[in-house]
Each structure stands twice: as C-alpha cells, then as structure tokens.
Amino acid sequence: MKYTSLAVTSLIVSLAFIGCKNDAEKEAQVNETTEEVQNVKDSAVTEKERYADAGVDDLGSIEKPTMPDNYSINWDQVDVDPKLKADVDGWKNLKTFSNSVKALDLKEVPQAEIKDYITQLEEEASNLETTIPKSLLTEEVQEDLKDIKEEVADLKAVIAKSGTDKNKIDNQVEELMEAYADLNEELKETVSKNGKSIVDDNQ
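Let us look at the structure shown here. Quantities reported herein were computed from a predicted structural model and do not represent experimental measurements.

What counts and how
- Residues numbered from 1 in each chain as written.
- Predicted model: local features only at pLDDT ≥ 70, side-chain atom pairs only at ≥ 80, totals over all residues.
- Heavy atoms only, no water.
- Helix = DSSP H or I, 4+ residues; strand = E, 2+ residues; numbered from the N terminus.
- Buried < 20%, exposed > 50% of the residue type's maximum accessible area, 1.4 Å probe, protein only.
- Salt bridge = Lys/Arg side-chain N within 4 Å of Asp/Glu carboxyl O.
- Patch = residues over 30% accessible without salt bridge, like charges linked within 9 Å, V, L, I, M, F, W, Y side chains within 5 Å.
- Areas by Shrake-Rupley, 256 points an atom, 1.4 Å probe, with all protein chains shown as cover.
- Lys, Arg positive; Asp, Glu negative; His and termini not counted.
- Charge placed at Lys NZ, Arg CZ, Asp CG, Glu CD.
- Polar contact = N/O pair within 3.5 Å; in protein donor to acceptor, adjacent residues only side chain to side chain.
- Contact = heavy atoms within 4.5 Å.
- Axes fitted to C-alpha atoms, helices over the stretch in contact; angles between N-to-C directions.
- Parallel < 35°, antiparallel > 145°, perpendicular 65-115°, else oblique.
- Left-handed = near helix turned anticlockwise from the far one by under 90°.
- Nonpolar A, V, L, I, M, F, W, Y, C, P; charged D, E, K, R; others polar.
- Phe/Tyr/Trp six-rings, centres within 6.5 Å; stacked < 30°, edge-to-face > 60°.

## Brief notes about the overall build of the protein
Of regular secondary structure, the protein possesses 7 helices and 0 strands. When burial is assessed residue by residue, the protein has 25% of its 203 residues classed as buried.

Below you can see the structure in the form of structure tokens.
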C-alpha cells in the first residue's frame, strides 16, 4: 500500500510538471505568434512610409514615372539668338532623325524590321549633313554629325554580324544616343548668344 501511494504521488508530480511544461510551451508559441504579427504590421507600416515618401497616397494608386523628353533640344536654359534658333526649328531633317532615334531607343521598332529601319536611319543621318543650315555648321557640329553617321554604320555592322542579339543592339543604340545627345548640346551652344548655355555659366 505504501508503494502504491508513492507511485500515485510520483504520477501526480509528473503530470503537474508536464502541465507546467505545456503551459510554458504554449506561452512561448503565443509570444512567437504575437511577434510575427507585429513584424507583419511593422513591414506594412514601412511599406506605407516608403510610398508616402515617394508621394503616393495609397498602395493602390502608384503613379508611373513620366518619361523625360530627351529626344529634342530643351531651350529652357539657353539664352538663344532668335534667328539661329529659328534655323534649328526649321531644320526638318533634324526632327525626322530625332523621331527615328526615339523610336529605336524606346524599342518601338519590331525586331523583324530592324535591318530595313537601320537603312532608313543611314539615309536620314546623311541628310543631316547635306541639309543643315549654314548658320549652324560649325566645326564642332560637323564632328558630331560625322560621329552620328559612324554610330549608325556601327549599328548596321552589329546587326549584320550578330542578327538580332538584343544586348549587342542595345549597347550600340546607347552609343548612338550619346552621339545624338552631343549634337543637341553642341547646337544649344551654337544657338546661344554667348556660345554657352546658362547651365554652363553657372558651373
């Protein structure tokens, strides 16, 4: 009888210990769950703050960035000579070439038509040289026109050698865009009254 009582006592102590252990595990699980929920809330707050910093009212109305107009000359920072600016504005072949370069850079030209498009671009680059108003034909502008023709020829060579390899075409288009940007910058300096843009004067 004594042993039986001892066994019962041991059993009660064991059950009590297991009960305490289970309670401790449950409490740890509850704490862990609470912490996870808090982390999710914190993450959501951080996300809202990030969009708030970007000027977005709520997560469902994110505004797409507007593409800057990098394909035509921005005269805002140039103290222009009106007659020279009129010569640039009336240079139709420059506008035609600008539109063609824009379509190429924005990948609006179907891959299947890229070869024919480059042939057209070659012709347009040549037209730049032959139609530029004499008032704009400085030595620097001539060099930029020559660079553009070379970059178009390089693009044609890349396509002839590599077909429609996207990376190689993109790299060469980037080179062409740089040459085109140089021409625009040189035209701004040519048209400005003092040979420099206002931005250059402030630097």
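## Re unusual backbone geometry
Glycine aside, a negative phi is what most residues show, and trans is what most peptide bonds show. A positive phi angle, close to 60 degrees, is found at Lys 107, a residue other than glycine. Mapped onto the elements of the fold, Lys 107 is located in the loop between α3 (92-105) and α4 (114-131).

## Quick word on the pattern of salt bridges
Counted by the stated rule, this structure contains 7 salt bridges. With a shortest N-O distance of 2.7 Å, Lys 85 and Asp 89 are connected by a salt bridge. With Lys 85 and Asp 89 both in helix α2 (residues 82-89) and 4 residues apart, this pair spans about one turn of that helix. A relative accessible area of 32% places Asp 89 in the partly exposed class. Residues participating in the shared-partner salt-bridge network are Lys 107, Lys 166 and Asp 170.

## Focus on a negative patch on the surface
There is a patch of like negative charges on the surface, built from Glu 139, Glu 140, Glu 143, Glu 150, Asp 154, Glu 174, Glu 175, Glu 178 and Asp 182. Those elements that provide at least two residues to the negative patch are α5 (139-162) and α6 (166-191). Considering each element in turn, the negative patch owes the most residues, 5 residues, to α5. Tracing the sequence through the fold places Glu 143 in helix α5. Its relative accessible area of 41% is what places Glu 143 among the partly exposed residues.

## Overview of the side chain of Thr 190
One can find Thr 190 in helix α6. Relative accessible area serves as the criterion here: at 15%, Thr 190 is assigned to the buried category. For Thr 190, the side chain forms a polar contact with the main-chain oxygen of Glu 186, separated by 2.8 Å. Among all residues touching Thr 190, those that are not within four sequence positions of it are Leu 84, Ser 135, Leu 136, Thr 138 and Val 141.

## Thoughts on the side chain of Glu 151
Counting through the fold element by element, Glu 151 comes out in helix α5. Despite its burial, Glu 151 remains without a salt bridge, the nearest opposite charge being carried by Lys 146 at 12 Å. Contact partners of Glu 151, with chain neighbours within four places excluded, come to Gln 172, Glu 175, Leu 176 and Ala 179.

## Observations regarding the packing of α3 against α4
If you want to describe how two helices pack, look at the angle between their axes and the distance between the axes. Close contact between α3 and α4 brings their axes to 9 Å; oriented N to C, the two are set at 150 degrees. Considering the angle they form, α3 stands roughly antiparallel to α4. Considering how the two elements wind past one another, α3 and α4 form a crossing that is left-handed. In this structure, α3 uses Asn 93, Leu 94, Thr 96, Phe 97, Asn 99, Ser 100, Val 101, Ala 103 and Leu 104 to contact α4, whose residues at the interface are Ile 114, Tyr 117, Ile 118, Gln 120, Leu 121, Glu 124, Ala 125, Asn 127, Leu 128 and Thr 131. Of the residues belonging to the contact of α3 with α4, the class tally is 11 nonpolar, 7 polar and 1 charged.

## So, the packing of α5 against α6
Relative orientation of the contacting elements α5 and α6 amounts to 170 degrees, with a least axis distance of 9 Å. On the basis of their axis angle, the class for α5 and α6 is roughly antiparallel. Its residues assigned to classes, the contact of α5 with α6 comprises 14 nonpolar, 3 polar and 9 charged.

## A closer look at the packing of aromatic side chains
One pass over the full model with this rule turns up 1 aromatic pair. Judged by centre distance (6.1 Å) and plane angle (50 degrees), the ring pair of Phe 97 and Tyr 180 falls under tilted. With a gap of 83 residues between them, Phe 97 in helix α3 and Tyr 180 in helix α6 connect regions that are remote in the sequence. Since its relative accessible area comes to 0%, Phe 97 is described here as buried. Residue Tyr 180 is classed as buried on the basis of its relative accessible area of 1%.

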